[in-house]
Each structure stands twice: as structure tokens, then as C-alpha cells.
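Topology and contacts: notes
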Amino acid sequence: MARKKIAMIGSGMIGGTLAHLAAMKELGDIVLFDIAEGVPQGKALDLAQAGPPEGFDAKLKGANSYEEIAGADVCIVTAGIPRKPGMSRDDLLKTNLNVMKAVGEGIAKHAPDAFVICITNPLDAMVWALREFSGLPHQKVVGMAGVLDSSRFRHFLAEEFDVSVEDVTAFVLGGHGDTMVPVVEYSTVAGIPIPDLIKMGWSTQERIDAIVQRTRSGGGEIVGLLKTGSAFYAPATSAIVMAESYLKDKKRLLPCAAHLTGQYGVDNLYVGVPIVIGANGVEKVVEIELNEGAAANFQTSVDAVKELVAACKGIDGSLN
Ligand code: APR
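Note that the coordinates shown come from a computational prediction; the quantities given were computed from them, not determined experimentally.

**Quick notes on helix α2 (residues 39–48)**
When we look at burial in α2, the residues that qualify are Pro40, Ala44 and Leu47. Viewed along the axis of α2, the buried residues span an arc of 70°, placing them on a single side of the element. Opposite the buried face of α2, at more than 90 degrees from it, the exposed residues are Leu45 and Asp46. Lining the buried residues of α2 we find α1 (13–24), β2 (29–33), α3 (51–54) and β3 (60–63).

Encoded structure:
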């Protein structure tokens, strides 16, 4: 059986980390693509030279031409500019929309059968635009946000409860941004929901509220610390989990930005919801019941995504 091929569209901080993780896990051969000349080639060579000591066997190639992604099974898109300190995700809209156009056309031409994972921000609008520009089936194009947001939530909860992150599950819905909706009722420690843990005296509502708020601004916190860039280890790790579920038909249930066609009362929009990822891409959108508060927050989040998509349509008439 031929090896799988994974193309990283964008070979910056996240793209390089993605390639490293994919190689370490031997998910397939890897192409690093970027418009910057030398960068993908240099990273590919450096990563290939990490193979002998670590013992992974993956071919790595750097490219500036879309021809090199031909036949890719998975494309992970990070092309664009990252958020700088003081810049909101939404400020990125205009620049990254143009990038999505070029990337969407490149994928459509050279890797139309790929499962595409978009990471570029503002995520929910960019994944929508990328799908529009590429014309790929909706179930083959998803956005990575929920896995990262729920990982942040899990990390903070594990610290709060002083238990292993392995036993903390967390649910985060909605758009990737300040309006994301961490769902406390569906977040647990080994199956015990957080509201029960509060009753058991493990924490207080105030402390959990503060954690929810910290999760919402989790990306900004890291931008503020790094000063010259945004998070890359956890975003890359989160996207690899999604790629692996597709490549190995694992059917994992993960929160991702997926195209909705009426679920949660939302039509033709990408929003963060639980989905099952298997060999067919998005195999199921899972509709969970939301309490009044979460439903209202989800709606606020959907409205924010709608606004961004409308702004995209305003910038590029071909999206109407
Ligand atoms: N085609 C291909 N690559 C591009 C293009 C393009 N049209 N435009 C920019 N790039 C490349 C840049 O040359 C750079 O190498 O995208 C890469 C982006 O890498 P970084 O600047 O290091 O950004 P990174 O931290 O990887 O984040 C990428 O993910 O989380 C989001 O907000 C983040 O949108 C940002 C993206």
C-alpha cells in the first residue's frame, strides 16, 4: 500500500510543528508548502535529519509550487499571517481571505480528494471561505478550533482539580474566539460533571467561571507572552488528532468547525460543534442539548461568525 501523503499549506510555526508531529507519528510522507522561498525546504531538510536519531521513517519535501501537493490525502492549512499583539482575530480577515483564495484554488487543482483541515484565523470565516474557494465537498473541509479550545479548558481544569489531564474531558462549542462556549455541564473528571464536582467542594462556581473566561482568551494570553507570534504547539497537536482520526478511520468525536445544514438551527455556516471524523471526513454532526445559558452563548457565537462571513462577502464579491 502506498504511503499516505500529508501536505502542510503554510510552513511557519504551526506548519513546521505539524510536520514534526506527523513525521514522529509516521502518518505518511510530508510536503511542506509555503510562498516563502527556502523556508519549507529548510524545515523539510532539518526535520528529515531528525529521523535518524528518533527512528521515524517519513519522506519530507519542501515546496513553493502547488504541483508538489498533488494527490495529498490530507492538507492542513496554516497559510496566512498570525495575530500580532493587540490585533484581534478579525483584523486578520482581509489578508487571510486572499490567502484562502490562492490556497483553495491550489488544493482544488492538485489535491481535490484531500481531507482539508483549516487552522488559519479568523478560523470559522476562513474555513468557510476556503471551502467556497476550493469547491470541495463540505464533509471534507473542517476547521481546527474546538480541539484546541477544549484542550486549553482541560488543562486549566486539571490544574484546578489537581488531577491528570488524561481524566479531564471538556466540551467547547461555538466559534473560535471570544464568543466560544465552554459547556461546563458536559465537562467532566472521569465522568463526574463539573457541577457535581462543585457540589462536592472541589471548586467553586466563581473559580470555574474564571477558568471559562481564561479559556476564552487562551490564545490572547499566549500572544501577550510571546509578543512576536501566537501559539503553535497545541494548535498543531490538535490538528494532528483530527488528521489521524481521518487517516486511520478512528471515528473520534471531536469539537471542530463543521459545515451546518440546519443542525443547532444554523444553516450554511461553519461553527464549532461535536463531529465524528472517519474515513469519509465528517461522518456525523452530533447535536447535543444545550441549557438556556449555553444556547444563548452559542447563538451569540453564531452571530459573530455570521458577521465575519458577511464581511468576507463584502471583501470578495465572488463569495456571494
Ligand atoms: N500561501 C502559502 N503560504 C503562505 C501564504 C500563501 N499565500 N501567505 C503566507 N504564507 C505563509 C507564511 O510565509 C508563513 O510561513 O504562512 C506561514 C504562516 O506561518 P506563521 O507566520 O509562523 O504563523 P503560524 O503561527 O504558523 O500561524 C498560522 O494559524 O492559528 C493561526 O492565527 C494563526 O492564521 C495564523 C495561522
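Next comes the rest of the account.
**Considerations on the site of the ligand**
As a structural note, the neighbourhood of the ligand is formed by 17 residues, with Met13, Ile14, Asp34, Thr78 and Asn121 the closest of them. Within the backbone of Ile81, a nitrogen or oxygen atom sits 3.5 Å from an oxygen atom of the ligand. Contacts to the ligand include Asn121, whose side-chain N or O atom sits 3.0 Å from an oxygen atom. For the ligand, whose accessible area on its own is 730 Å², the fraction buried by protein is 85%. Breaking the shell around the ligand down by element, the ones donating at least two residues are α1 and α4 (93–110).

**Quick look at the pattern of salt bridges**
For the coordinates displayed, the defined rule picks out 11 salt bridges. A salt bridge links Lys61 to Glu68, with the nearest nitrogen and oxygen atoms 3.1 Å apart. For Lys61, a relative accessible area of 42% gives the class partly exposed. Of the residues examined, Glu68 reaches a relative accessible area of 30% and is grouped as partly exposed. Here Lys251 makes a salt bridge to Asp249, at a shortest N to O gap of 3.1 Å.

**Description of the nonpolar core**
Of all hydrophobic cores here, the largest spans 91 residues; its most connected members are Ile9, Ile69, Cys75, Ile76, Ile117 and Phe298. For this core, the leading source of residues is helix α5 (residues 123–134), giving 8 residues. If we ignore the near neighbours within four places in the chain, the residues touching Ile117 are Val74, Cys75, Ile76, Val77, Val142, Met144, Ala239, Met242 and Ala243. In terms of nonpolar packing, the next biggest core, distinct from the first, is built from 17 residues, Phe161, Met180, Ile208 and Ile211 among them.

**Section: the pairing of strand β1 (residues 5–9)**
Of all the 5 residues making up β1, 4 are buried; the element is thus mostly covered by neighbouring parts of the structure. The β-α-β motif built from β1, the intervening α1 and the parallel element β2 has right-handed crossover chirality. In terms of strand pairing, β1 meets strand β4 (residues 74–77) through 4 bridges, oriented parallel. Looking at β4, one finds that Ala7 is bridged to Cys75.

**Here's the deal with the environment of Tyr246**
Relative to the assigned elements, Tyr246 resides in helix α10 (residues 233–247). What Tyr246 contacts, discounting residues up to four positions off in sequence, is Asp73, Val74, Asp113, Phe115, Lys140, Ile277, Gly278, Ala279, Asn280 and Gly281.

**Section: helix α11 (residues 292–315)**
For the α-helix, the turn length of 3.6 residues means that residues three or four positions removed from each other point alike. Taking 1.5 Å per residue, 24 residues should reach 34 Å; α11 reaches 35 Å between its end C-alpha atoms and fits that length. Among the residues of α11, Ala294, Phe298, Ser301, Val302, Val305, Leu308, Val309 and Cys312 are the ones counted as buried. Structurally, α11 contributes buried residues whose contacts are with α4, α5, β7 (168–173), β8 (181–189) and β11 (267–278). Among the residues of α11, the N-terminal cap falls to Asn291, whose side-chain oxygen and the backbone nitrogen of Gly293 are separated by 3.1 Å.

**Considerations on the side chain of Ser134**
Structurally, Ser134 is set in helix α5. A polar contact is formed between the side chain of Ser134 and the backbone nitrogen of Leu136, at a distance of 3.2 Å. Not counting residues within four places of it along the chain, the set of residues in contact with Ser134 comprises Gly104 and Ala108.

**Regarding the packing of α1 against α10**
The contact between α1 and α10 brings their axes to 9 Å, and the two run at 50°. One element, α1, and the other, α10, form an angle in the oblique class. Note that α1 runs across α10; the crossing there is right-handed. In contact with Ile14, Thr17, Leu18, Leu21 and Ala22 of α1, α10 contributes Tyr233, Pro235, Ala236, Thr237, Ala239 and Ile240. Split by residue class, the contact of α1 with α10 holds 9 nonpolar, 2 polar and no charged.

**Digging into unusual backbone geometry**
For the peptide bond that leads from Asn121 to Pro122, omega is -5°, which places it in the cis range. Tracing the chain through its elements places Pro122 in the loop between β5 (115–118) and α5. For Ala190, which is not glycine, the phi torsion reads 45° and is therefore positive. Among the secondary structure elements, Ala190 is positioned in the loop between β8 and β9 (192–193). Residue classification places Ala190 among the exposed positions, given a relative accessible area of 60%. A positive phi angle is found at Tyr264, which is not glycine, with a value near 55°. Within the secondary structure, Tyr264 sits in the loop between β10 (252–261) and β11.

Rules and cut-offs
Residues numbered from 1 in each chain as written. Predicted model: local features only at pLDDT ≥ 70, side-chain atom pairs only at ≥ 80, totals over all residues. Heavy atoms only, no water. Buried < 20%, exposed > 50% of the residue type's maximum accessible area, 1.4 Å probe, protein only. Helix = DSSP H or I, 4+ residues; strand = E, 2+ residues; numbered from the N terminus. Arc of directions from axis to C-beta. Contact = heavy atoms within 4.5 Å. Near = heavy atom within 4 Å. Polar contact = N/O pair within 3.5 Å; in protein donor to acceptor, adjacent residues only side chain to side chain. Areas by Shrake-Rupley, 256 points an atom, 1.4 Å probe, with all protein chains shown as cover. Salt bridge = Lys/Arg side-chain N within 4 Å of Asp/Glu carboxyl O. Core = buried A, V, L, I, M, F, W, Y, C linked by side-chain atoms within 4.5 Å. Right-handed = clockwise from strand over helix to strand, strands pointing away. Pairing = 2+ DSSP bridges. Expected span 1.5 Å × (residues − 1). Axes fitted to C-alpha atoms, helices over the stretch in contact; angles between N-to-C directions. Parallel < 35°, antiparallel > 145°, perpendicular 65-115°, else oblique. Left-handed = near helix turned anticlockwise from the far one by under 90°. Nonpolar A, V, L, I, M, F, W, Y, C, P; charged D, E, K, R; others polar.

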